[in-house]
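These are the residues of each chain, in order.
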Amino acid sequence: PRVRDIMNRQVISITEDEEIRVAAKRLLRGETNHLPVLDGNGMLVGIITTYDVSKAVVTDGRLRQVKDIMTRNVIKTTPDEPVDVAAQKLEQNNISALPVVDATNRVVGILSAIDLGKLFGGRR
Ligand code: SAM
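Notes on the structure in this doc start here. What you see as residue numbers is a count from 1 along each chain, following the sequence as written. Where totals are concerned, whole chains, interfaces and linings use all residues; where local detail is concerned, this predicted model gives features only for residues with pLDDT of at least 70, and gives and counts side-chain atom pairs only at 80 or more. By convention in this description, side-chain values take in all heavy atoms of the structure and omit both hydrogens and water.

**A short note on the nonpolar core**
Going by this rule: Note on terminology: a nonpolar core comprises buried Ala, Val, Leu, Ile, Met, Phe, Trp, Tyr and Cys residues joined through side-chain atoms within 4.5 Å. Exposure classes here rest on a 1.4 Å probe applied to the protein chains alone. A residue is buried below 20% of its type maximum, exposed above 50%, and partly exposed in between. Helix and strand definitions here come from DSSP, where helices need a minimum of 4 consecutive H or I residues and strands a minimum of 2 consecutive E residues; each element is numbered from the N-terminal end. Whether two residues are in contact is decided by their heavy atoms, any of which lying within 4.5 Å being enough.
Counting 13 residues, the largest nonpolar core has I14, L35, I48 and V66 as its most contacted members. Where this core is concerned, the elements lending two or more residues are α2 (20–28), β2 (34–38), α3 (50–59) and α4 (66–69). Counting residues per element, this core draws most heavily on α2, at three residues. Leave out the neighbours within four places in its chain, and V66 touches I14, T15, E16, E18, E19, I20, A23, V37 and I48. Core analysis: the second largest hydrophobic core is formed by ten residues, V3, M7, L90 and L98 among them.

Listed below in structure tokens is the structure:
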């Protein structure tokens, strides 16, 4: 199977100029632990997780915006990539989700370790 067969198309994202508090609220809704970060043109420029928000609280209270704390070097995948290649990216980088981008770096889905788990055991 390919990434497109199991990716989640309902992506919850955030823009880089938003305040960290907005990201925290979105993460607290519990539907995702990974927010792809978009610039004003809708391009993927980073990713932010509960880990990053927690770290910001502990290390530097002056950090205000998503762009101050996001991870800029995003490890991502494409709809056509075989799922085993995507799974290796998760494993090798100790992360649990990959934004899925099209040829113009727009986010078309998100692939999480949970989605990969559905390939086994028949859970839906
Ligand atoms: N073991 C911890 C955990 O499970 O949350 C840390 C894992 S991971 C190293 C945490 C960091 O990975 C965060 O700073 C987050 O922004 C980053 N991260 C998560 N998904 C990523 C991705 N697809 N590409 C790049 N960085 C990512």
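After that view of the structure, there is still more to cover.
**Here we look at the site of the ligand**
Short version of the rule: In this text, near means that some heavy atom of the residue lies within 4 Å of the molecule or strand in question. Any pair of N or O atoms that falls within 3.5 Å is considered a polar contact. Within protein, one atom must be able to donate a hydrogen and the other to accept it, and sequence-neighbouring residues count only if both atoms are side-chain atoms. For the accessible areas, the method is Shrake-Rupley and the probe is 1.4 Å, while residue cover comes only from the protein chains on display.
As a matter of local geometry, the ligand sits amid 13 residues, with D52, T71, I75, N94 and A97 nearest to it. D52 places a side-chain nitrogen or oxygen 2.5 Å from an oxygen atom of the ligand. In the environment of the ligand, a nitrogen atom lies 2.8 Å from a nitrogen or oxygen atom belonging to the backbone of I75. Contact with the protein chains hides 71% of the accessible area of the ligand, taken as 580 Å² for the molecule alone.

**So, the pattern of salt bridges**
To keep it simple, the criterion reads: One speaks of a salt bridge when a side-chain nitrogen belonging to Lys or Arg is within 4 Å of a carboxyl oxygen belonging to Asp or Glu.
According to the stated counting rule, one finds four salt bridges in the structure shown. Here R4 ties to D80 by a salt bridge, and the two come within 2.5 Å at their closest N and O atoms. In this pair, R4 sits in helix α1 (residues 3–6) while D80 sits in the loop between α4 and α5 (83–93), placing the two residues 76 residues apart along the sequence. What makes R4 partly exposed here is its relative accessible area of 37%. The closest approach of N and O atoms between D115 and K118, which form a salt bridge, is 3.4 Å. Note on D115: relative accessible area 6%, which makes it buried.

**Some words on the pairing of strand β4 (residues 97–101)**
Our working definition: Here, any two strands with at least 2 DSSP bridges between them count as paired.
Counting buried residues along β4, five of its five residues qualify, which places the element largely inside the surrounding structure. The side-chain alternation of β4 yields two buried faces, one formed by A97, P99 and V101 and the other by L98 and V100. Sheet analysis places β4 next to strand β5 (residues 107–112), joined by five bridges and oriented antiparallel. Within β5, the position partnered with V101 by the bridge is V107. Hairpin connection from β4 to β5: five residues lie between these consecutive antiparallel strands, with N105 at a positive phi of about 65 degrees.

**Comments concerning α2**
Keep this limit in mind: What the arc measures is the spread of directions leading from the helix axis to the C-beta atoms.
For α2, the set of buried residues is I20, A23 and L27. Seen along its axis, α2 keeps its buried residues to an arc of 60 degrees; they face one direction. Relative to its buried face, α2 has exposed residues pointing more than 90 degrees away, namely R21, K25 and L28. On its buried face, α2 sits against β1 (14–15), β2, β3 (44–49), α3 and α4. Count one or two residues on from α2 and you reach G30, which has phi positive near 85 degrees.

**Focus on the sheet that holds β1**
Put simply, the rule reads: Every axis corresponds to a line fitted to the C-alpha atoms, with the helix fit spanning only the stretch in contact, and the corresponding angles, defined between N-to-C directions, vary from 0 to 180 degrees.
The mixed open sheet is built from three strands, whose spatial order is β1-β2-β3. The strands lining the two open edges of the sheet, one partner per strand, are β1 and β3. With five bridges joining them, β2 and β3 adopt antiparallel strand pairing. The partner of L38 across the bridge, within β3, is L44. Sheet strands in contact with α2 are β1, β2 and β3, and its direction is about 140 degrees off that of β2.

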